[in-house]
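# Observations on chain architecture
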Amino acid sequence: MNHDPLQWGRPSDEHYGTYNKSIASASPYPSMHTQQPIVTGTSVISMKYKDGVIIAADRLGSYGSLLRFSDVERLFPVGRNTVVGISGDISDMQHLENLLDEMQTENNYDNEYAEDEEALKPSYVFEYLANVMYNRRSKMNPLWNALIVAGLEDGKPFLKYVNLLGVTYSAPSLATGFGAHLALPLLRKIVDSESDVKKTSAEDAEKSIKEAMKVLFYRDARSSRNYSIAIVDSKKGLVLNKDAVVEDMVWGFAKDIKGYGTQNV
Amino acid sequence: MATTVASEYSNEVKNTPIEHQFNPYSDNGGTILGIAGEDFAVLAGDTRHTTDYSINSRYEPKVFDCGDNILISANGFAADGNALVKRFQNSLKWYHFDHNDKKLSMRSAARNIQHLLYGKRFFPYYVHTIIAGLDEEGKGAVYSFDPVGSYEREQCRAGGAAASLIMPFLDNQVNFKNQYEPDSHGTKRKHVKFLTVEEVVQLVRDAFSSATERHIHVGDGVEILIVTKEGVRKEFFELKRD
Amino acid sequence: MFRNNYDGDTVTFSPTGRLFQVEYALEAIKQGSVTVGVRSKKFAVLVALKRNADELSSYQKKIIKCDEHLGLSLAGLAPDGRVLSNFLRQQCNYSSLVYNRKLSLEKAGNLLSDKAQKNTQSYGGRPYGVGLLLAGYDNSGPHLLEFQPSGNTLELYGSAIGARSQGAKTYLERTLQDYLELDDADDLIRVAVEALRQCLKDEVLSTKNLSIAVVGQDKPFTILDDEAVSPYL
């Protein structure tokens, strides 16, 4: 078999001559489904606190182990009280971004109450995305992502996860990818159950998220120092900070590490 | 056709493309349990949601009250489970539209779910489904399904991750299997009788705390939904979170 | 004898700019039995007069529920009303399944308008022969909409369509300020029933021929028929 994807499922030219692509009005390309992510974004982390939610994601787009794009935005505000954080394949992420744009355009069309009572709510955005994800997996053509939808709905924090399989769940703190292993234990120290949410201030929540982003930058090889952080607060509304930087790192020990790298001593 | 020689093996591996295929399923752990009493039925499920060794959520309910005194839970691959429950609830909604709000009986609900499951026989919903409610005579009813729609009415059934841990316990405690009258030297079986709601709730709690001890995908909390002719009642109990 | 040359189809204008088929469709509504709708700041109510073809037959259903928050009453061709209510049920269902969202009354009205308008501009079809009153409670509160086969959908505080509906309209115009502020759903129903009475000629309202529906805050769309309407007679 010829393993060139463009020649899949065709008789070999060697034996049968050049394949005539007009036969059976065949498409010049075989149908292709996403088999693996190409350019990827790493973890998204998030947590609820008493007046809202915080969500963060770094700005790196990796091509395997190559630092390919260093300034990719992975947090998307939808309407006035929702932020969608996306990890995984970047081109699939951009497709989702288009769908979210369409959703907003649609909602603003012929809608007298688009700015108030009939504005998009996080649960609307989430339900739609969860359906998109599950339908695509059911066609065996998934969007290779894990997403977190964060926001405020009827004055209460909203946080929910969905991935390429269409699997969904909700918790007071959520993280995708590596973050689920490295950051979540730190976030759960603050909010492990729903009852902890009411006890957590915006300051404490923001501190934990920043600390978790630092740990991820230390320990996740495919992460970057620059990241975006968004807060949806019942009083301050939606604030998206696109140029957060991991600070207060301790690298003093590095000079004593010997045995690899460029060293003069 | 080249034969594989030991020394050529590494070369062979390099030249044979490994075909990866997207796997549309995952296992989200958790376990469920339904028991029918004389004039009531319960359906319980733990609230832990997992993938591999990660706990995704400590409270993600998976037992639902659909109205018409019907409880449902589809345990296994959570995305399929939710999709099935959503489809059943929708089917119920249109049954009401089309039949002037007639109550859906348990036997009809069960048959309907068989069709929902078998309709995807060649790309199955990867779930163990249990429904609980009252039958047309007001007696407790539990129906359980395999992933492609085979079903049966039973007195009790455990499903999901710890089904194999709980089911033998249920056989013994609900249907009195392997229990004999004292002094009969194993000749007279213990007579089966209906358990009270209180006894059943205690049984469910014991089943779940034991499953929590022995199974990593079970824990955090157990939500018990109880159907009686008065309607549906919910109870929640904490489980160990380790 | 006068013969109208411009009423053969819906796609041809008359020289005076009229679409006769659409106007005839509007006439079909007036042949139907009357239905009245009112809304206050908290509730929307529909009442309708049911008709039976003869003493041996049952009464024609006039009010149809589309979702927990939305329903409609009809005047005119009942089969057309069935088709349109089924369409709305599907749209409500789609909205809640895909977006976890109640279909807003404004959107419901627009969807009906678009569907009806298509019939006025395509050859071989006919306009719907039914008028609808939509009552619902969405994120922006209670609403009452009137739909016409021409594709018009208007929002109103009170409306009536069907035979001799003018009587109810006049009554509602006169009492608008009184019922708009009503806090109690039962009181609003009584206003609607009284308005409906203004449209009666030989009939007398009874548990057999009166149909009521109410929807509002913490009150899903509920239809009352038979004995359930007796408190309001």
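Residues numbered from 1 in each chain as written. Chains lettered and ligands numbered in written order. Predicted model: local features only at pLDDT ≥ 70, side-chain atom pairs only at ≥ 80, totals over all residues. Heavy atoms only, no water.

Under the convention used in this document: UniProt positions are given in the numbering used here, feature names are shortened, and annotations may be inferred rather than shown by experiment.
Looking up chain B in an unreviewed UniProt entry gives the name KLTH0E01826p, with the organism given as Lachancea thermotolerans. One UniProt comment on chain B, placed under Subcellular location (unreviewed entry), says "Nucleus".

An unreviewed UniProt entry lists chain A under the name Proteasome subunit beta, with Lachancea thermotolerans as the source organism. Within the UniProt record for chain A, the comment given under Function (unreviewed entry) is "Non-catalytic component of the proteasome."

### Focus: the overall build of chain B
To be explicit about the condition: Counting from the N terminus, the helices are DSSP H or I runs at least four residues long and the strands are E runs at least two residues long. For every residue, the accessible area (1.4 Å probe, protein chains only) is compared with the maximum for its type, and the residue is labelled buried under 20%, exposed over 50%, or partly exposed between those bounds. Whether two residues are in contact is decided by their heavy atoms, any of which lying within 4.5 Å being enough. Charge convention: Lys and Arg are scored as positive, Asp and Glu as negative, and His as well as the terminal groups of each chain are ignored. For charged residues, the charge sits on one atom: NZ in Lys, CZ in Arg, CG in Asp, CD in Glu.
Scanning chain B from terminus to terminus reveals 5 helices and 12 strands. For chain B, the residues scored as buried account for 51% of the 242 residues in total. Long-range pairs, those at least 24 residues apart, make up 61% of the contacts in chain B between residues at least 6 apart in sequence. Between the mean site of the 28 positive side-chain charges and the mean site of the 33 negative ones, chain B shows a separation of 2 Å.

### Side note on the interface of chain C and chain B
To be explicit about the condition: Summed over both partners, the accessible area (1.4 Å probe) lost when two parts come together is defined as the buried area. Any carboxyl oxygen of Asp or Glu within 4 Å of a side-chain nitrogen of Lys or Arg constitutes a salt bridge here.
Residue-level contacts link 8 residues of chain C with 5 residues of chain B. Together, the buried faces of chain C and chain B total about 680 Å²; carbon and sulfur atoms form 50% of this surface. Among the residues chain C hides against chain B, the three largest losses belong to Arg89(C), Asn93(C) and Leu97(C). Together they make up 66% of the total. Along the contact surface separating chain C from chain B lie 1 salt bridge. Close ionic contact of Asp67(C) with Lys93(B) constitutes a salt bridge, the shortest N to O distance being 3.0 Å.

### Observations regarding the pairing of strand E7 (residues 127–134) of chain B
Residues and elements named next belong to chain B. How we decide: Paired strands, in this sense, are two strands between which DSSP finds at least two bridges.
For E7, the buried fraction is high: 7 of the 8 residues fall into the buried class. Note: E7 against strand E8 (residues 140–145), 6 bridges, orientation antiparallel. When the sheet's bridge partners are listed, Ala 132 is paired in E8 with Val 142. Two successive antiparallel strands, E7 and E8, enclose a turn made up of 5 residues, where Gly 138 displays a positive phi of approximately 85°.

### Considering the interface of chain B and chain A
Where interface size is given, it is often the accessible area lost as the parts come together that is meant. Put simply, the rule reads: Two N or O atoms form a polar contact when they lie within 3.5 Å of each other; inside protein one atom must be a possible hydrogen donor and the other a possible acceptor, and for residues adjacent in sequence the pair counts only when both atoms belong to side chains.
On the side of chain A, 23 residues touch chain B, which itself brings 26 residues to the contact. It is Phe22(B), Asn56(B) and Phe123(B) that lose the most area in chain B upon contact with chain A, and together they represent 29% of the buried surface on that side. Our count for the chain B to chain A interface comes out at 4 salt bridges. Among the salt bridges present, the one from Arg58(B) reaches Asp192(A), with a minimum N-O distance of 2.9 Å. The interface formed by chain B and chain A contains 11 residue pairs in polar contact (both at pLDDT 80 or more).

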